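For reference, the chains in residue letters:
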Amino acid sequence: MSEQGKGSASASAAAPAPGSDTYKGWLFKWTNYLKGYQRRWFVLSNGLLSYYRTQAEMAHTCRGTINLATAHIDTEDACNIVLSSGGRTYHLKASTEVERQRWVTALELAKAKAIRMMNDQSDDSGDEEPTSQTDRSEIQGTLKILVSKLDDLSTCNDLIAKHGAALQRSLSELEGLKVPVEGGEKIKAVNERATLFRITSNAMINACRDFLDLAETHSRRWQRALQYEREQRTHLEETIEQLAKQHNSLERAWRQAPTLVSTTPSAPTTNKEGSERLHKEEASDEDEDTEYFDAMEDSPAFITVTATDNTQHRRSQSNLSGASGGQPSDWNQDDHMSPGCNDVSGKELQPRRQRRTRVPDKPNYSLNLWSIMKNCIGKELSKIPMPVNFNEPLSMLQRLTEDLEYHELLDKAARCDSSLEQMCLVAAFSVSSYSTTVHRTAKPFNPLLGETYELDRLEDLGYRSLCEQVSHHPPAAAHHVFSQRGWTLWQEITIASKFRGKYLSIMPLGAIHLQFHSSGNHYVWRKVTSTVHNIIVGKLWIDQSGDIEIVNHRTKETCQLKFSPYSYFSRDVPRKVTGVVADSGGQAHYILSGTWDDKIESAKIIQSSRGGSGSEGKQKTVYQTLSPKLLWKKYPLPENAENMYFFSALALTLNEQEEGVGLTDSRLRPDQRLMEDGRWDEANSEKQRLEEKQRAVRRRREAEATDALDDGREYEGYQPLWFHQRRDSITGETNFVYKGGYWEAKDRQDWSMCPDIF
């Protein structure tokens, strides 16, 4: 269906002439029969005509583009222009006939230029390296043509001069005649114009002669430059070929090295040390690459002004340690490095076990919605099976564990002397948990009641994590993490969702607690709302929006984070996050900025003042800050991630088989394992069996509760195995916390208490 569009613009006075490379202006574009013509901003550049609702939209949103190389340009009446190309038609209207003619001229010139460039490219693709002799002959031929054209211009100039002189003599004779005063003045004016015309033609001839001289001079220089570039290209190709040969020989030598040195007793140790040293050198190279990042260039709700270099050097010694006093922490000593770069407890520590780096590629199964709906006819809503086509091969418990992907932020925060700097790292950790969601539109498996998931990385990463599904209606999961590096995290998350037609809002309920062992700092925050757009029609995409308030309940320091929702009309950076870290008295000390899918930076505030009123009449605070420092940067996705459900490096390992895990662990869930292996039909059947088994257990419990009530007995109901309910002294809420026993049972390999849920 062709896009009908009528529009035109009264071009602004600032628009360049139609002959220039870029032409801009307002036109009225036909939209539909309800709204008619609407004013749009059009930009003609590089053979493409694009339009926007406003000039400000040029920075981020283009409403449509048409290629003039294949377009047909037509004029309907005095002010209308019709552009059609490949089934797309724009109906445009200018404010005046003169304006319409300017646009038509610009469009015709741009179309001719685009066609010429397209033909030149096709000609160039046939012969990329003409010989220098051919180039020389072509240049000489072009110069001969220019010389002949210049001779023609000289002849024309002589004729103009001859006829111009005759014209002036005739005009002088007319002036001598007795004519009315008014006629004499007109003859005099014509005489002056003829003189100006002759002067202009002489200047044109001189300019053409200068151009020819310049072309002759530069043609020799261009030939030398072209020859030099060809020689450099040949030399580069030879160098690359030599490097490739050396690379292959080194690879062969490396493969043969173990067999060559195996006869000596010390050789294996030397080889091992060499490989470890090589690996460390590679790791240090990666660290050097991640030391330097560009600062964000967004505009937060407040105004920040970066201090000059002199101010920064003068104040850095006394201000970088924050408001809590004491010696500057190690975070400040790395003033020009991101906090994670020198963290020996983070990624640089090599795991003892080699984890997997890929999962089977996602099958390309088509989803027939009608077949799903047909199977649902006549069934209860609670018994309608959702196919695994909507899922990813991870459970919700494993997705919850993914929050630990950037655990090294907490390791570093545990070593901070300043609680305000620690708050910055905690805030970066809270934002980092959303980085995996930007491409992950598939739904995780709903855990079965009693299902657990452990992630035991005590030996290599220093922490142990345990999740358990503690309730099914409403669905709730409890999570507990203990780290040997000085922190403990726990949370209970209940998911509430609302379907709003075009999108689905997912609201995690429950608080996240984080406590540092040495300082006793206890942080509490809650997650923001996640929104899945285009549920019915279009490509799914996810956005995060809302506010997070992180509170240190020991010092009463706070951090206010704002996740800006995506807006089609906004000029802000998409997925923007801004925040302010303040002490117990409300005085701001740090500004946080970045995006939840890429990075977060912090900047130390050295001065604040009240600024002018904003767009809504509210007075903004102006913060003068030091240069921003990188707190967190998202790791790049693994190779081929688009075919592996866009899993991160940690997510790829979450469903890997482990020895000695509990019998209720998500890794042992059969439908999830079948889906990961690409056997989706079997996974759907197994998923239906597990859900029916869970319903049968629930019906049995309900029957037991009814019998106990009839007999006057107390019925305890379902109780989680590893978590119990306690009232939180800080939030006042009753939630599930870890009661212990799981890791001891794992050491004994005694899982007799686990229910049979699979």
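Residues numbered from 1 in each chain as written. Predicted model: local features only at pLDDT ≥ 70, side-chain atom pairs only at ≥ 80, totals over all residues. Heavy atoms only, no water.

Quick look at the overall build of the protein chain
The condition that has to hold: Comment: elements are numbered from the N terminus, with helices defined as DSSP H or I runs of at least four residues and strands as E runs of at least two. Accessible area is worked out with a 1.4 Å probe on protein chains only. A residue is then buried under 20% of its type maximum, exposed over 50%, and partly exposed in between. Only heavy atoms matter for contacts: two residues are in contact if any of them lie within 4.5 Å across the pair. Computed with the Shrake-Rupley method and a 1.4 Å probe, the accessible areas treat only the protein chains shown as cover for residues.
From N to C terminus, the protein chain includes 14 helices and 28 strands. For the protein chain, buried positions account for 41% of its 758 residues. Considering only intrachain contacts with a sequence separation of at least 6, the fraction spanning at least 24 residues in the protein chain is 58%. As presented, the protein chain carries roughly 42,800 Å² of accessible surface, and 52% of it is formed by carbon and sulfur atoms.

Considering the pairing of strand β16 (residues 503-509)
Keep this limit in mind: By this definition, two strands are paired if DSSP reports at least two bridges between them.
Bridge count between strand β15 (residues 487-499) and β16: 6 bridges; the pairing is antiparallel. Paired with K498 across the two strands is S505, which belongs to β16. Where β15 folds back on β16, the antiparallel hairpin that results is connected by 3 residues, among which G501 adopts a positive phi of roughly 90 degrees. For β16 and strand β19 (residues 529-533), the ladder comprises 4 bridges, and the chain directions are antiparallel. Among the inter-strand pairings, Y503 is bridged to a residue of β19, identified as H533.

What to know about the side chain of R100
Where we set the bar: By the counting scheme adopted, Arg and Lys are positive, Glu and Asp are negative, and His together with the chain ends is not counted. What counts as a salt bridge is simple: a side-chain nitrogen of Lys or Arg found within 4 Å of a carboxyl oxygen of Asp or Glu.
One can find R100 in helix α1 (residues 97-126). In this structure R100 is buried but unpaired, with E97 as the nearest side chain of opposite charge at 4.5 Å. Sequence-distant contacts of R100, that is, excluding residues within four places in its chain, are made with T75, D77, A78, C79, N80, I81 and A94.

Examining the nonpolar core
Put simply, the rule reads: By convention a nonpolar core is built from buried Ala, Val, Leu, Ile, Met, Phe, Trp, Tyr and Cys residues, the set being connected through side-chain atoms within 4.5 Å.
Counting residues in hydrophobic clusters, the biggest one holds 64 residues, and the most contacted among them are L514, W525, I550, L561 and F563. Looking at this core element by element, the count peaks at 9 residues for helix α10 (residues 419-432). Residues in contact with F563, not counting those within four places in the same chain, are V431, Y434, V528, Q544, S545, G546, I548, K576, V577 and W596. If you look at the next biggest cluster of nonpolar residues, it comprises 20 residues, including F42, A71, Y90 and A94.

Considerations on the packing of aromatic side chains
Quick note on the threshold: Pairing of aromatic rings covers Phe, Tyr and Trp, the last counted by its six-membered ring, and requires centre-to-centre distances within 6.5 Å; plane angles under 30 degrees mean stacked, over 60 mean edge-to-face, and any other angle means tilted. Lysine and arginine charges are scored as sitting over a ring when NZ or CZ, respectively, is within 6 Å of the ring centre and within 35 degrees of the ring normal.
All told, the structure shown has 17 aromatic pairs when counted by the stated rule. Members of the aromatic cluster, connected to one another through ring pairs, are W722, Y742, W743 and W751. The side chain of R39 reaches across the aromatic face of W26, ending 4.0 Å from its centre. K93 extends its terminal NZ or CZ atom over the ring of Y37, reaching a point 4.2 Å from the ring centre.

Things to note about the environment of G520
Note on placement: G520 falls in the loop between β17 (511-516) and β18 (522-526). Accessibility expressed as a relative area gives 26% for G520, which makes it partly exposed. Sequence separation between G520 and H553 is 33 residues; the distance between their C-alpha atoms is 9.6 Å. Those residues in contact with G520 that sit more than four places away from it in its chain are Q515 and R554.

What about the confidence of the model for the protein chain?
Keep in mind that low pLDDT regions are not for reading the predicted coordinates in detail. This is how the line gets drawn: One confidence number per residue, pLDDT, is output by the predictor and ranges from 0 to 100.
Per-residue confidence for the protein chain gives a mean pLDDT of 77, with 77% of residues at or over 70. Considering only residues more than four positions removed or in separate chains, one finds that residues 1-14, a stretch of pLDDT under 50, has 69 contacts.

Let's talk about the pattern of salt bridges
Side-chain pairs of opposite charge can arise whenever the charged atoms involved come near each other. Tallied over the full model, the rule gives 32 salt bridges. We note a salt bridge from D456 to R464, for which the minimum N-O separation is 3.2 Å. For K599, the salt bridge is made with E601, and the minimal N-O distance between the two is 3.9 Å. On the accessibility criterion, K599 (7% relative accessible area) is buried. When salt bridges that share partners are traced, they join K687, E691, E692, R695 and R699 into one network.

Some words on the side chain of T595
Put simply, the test is: Polar contact is defined as a pair of N or O atoms within 3.5 Å, subject to the rule that within protein one atom must be able to donate a hydrogen and the other to accept it, and that residues adjacent in sequence are counted only when both atoms are side-chain atoms.
Mapped onto the secondary structure, T595 falls in strand β23 (residues 588-595). Given the relative accessible area of 5%, T595 is considered buried. At 3.2 Å, the side chain of T595 and the side chain of D597 are in polar contact.

Re the pairing of β23
Of all 8 residues in β23, 8 are buried; the element is thus mostly enclosed. Counting the residues between successive antiparallel strands, the hairpin from strand β22 (residues 576-582) to β23 contains 5 residues, one of them, G586, with a positive phi of roughly 90 degrees.

What about unusual backbone geometry?
With an omega of 0 degrees, the peptide bond between H473 and P474 qualifies as cis. Secondary-structure assignment places P474 in the loop between β13 (463-472) and β14 (475-483). If you check the backbone angles, R575 has positive phi at about 65 degrees while not being a glycine. Relative to the assigned elements, R575 resides in the loop between β21 (557-563) and β22. For R575, a relative accessible area of 31% translates into the label partly exposed. Despite not being glycine, Q749 has its phi angle at roughly 55 degrees, a positive value. For Q749, the location among the structural elements is in the segment after α14 (742-748).

Concerning helix α13 (residues 680-711)
Formally: In this analysis, the expected span of each helix is defined as 1.5 Å times one less than the number of residues it contains.
Over its 32 residues, α13 extends 47 Å from the first C-alpha to the last, a length consistent with the 46 Å expected when each residue adds 1.5 Å. Within α13 the residues assigned to the buried category are W680, A683, E686, K687, L690, E691, Q694, R695, V697 and A708. Along its buried surface, α13 packs onto β11 (443-445), β13 and α12 (670-676). Count one or two residues on from α13 and you reach G712, which has phi positive near 75 degrees.

Let's talk about the environment of A161
As for its position among the elements, A161 is in helix α2 (residues 132-176). For A161 and S201, which are 40 residues apart along the polypeptide, the C-alpha to C-alpha distance reads 8.7 Å.

Describing the environment of A106
Mapped onto the elements, A106 comes out in helix α1. We classify A106 as buried; its relative accessible area is 2%. For A106 and Y23, which are 83 residues apart along the polypeptide, the C-alpha to C-alpha distance reads 7.2 Å.

Some words on α10
Here α10 is 14 residues long and its end C-alpha atoms lie 20 Å apart, about the 20 Å a rise of 1.5 Å per residue gives. The element α10 is largely enclosed, with a buried count of 14 among its 14 residues.

Describing a nonpolar patch on the surface
Here is the rule we go by: Surface patches are defined over residues having more than 30% relative accessible area and no salt bridge, joining like charges when they lie within 9 Å and nonpolar side chains (Val, Leu, Ile, Met, Phe, Trp, Tyr) when within 5 Å.
On the surface, F499, I535, I536, V537 and L540 cluster together to form a nonpolar patch covering roughly 480 Å² of accessible area. Here F499 shows up in strand β15.

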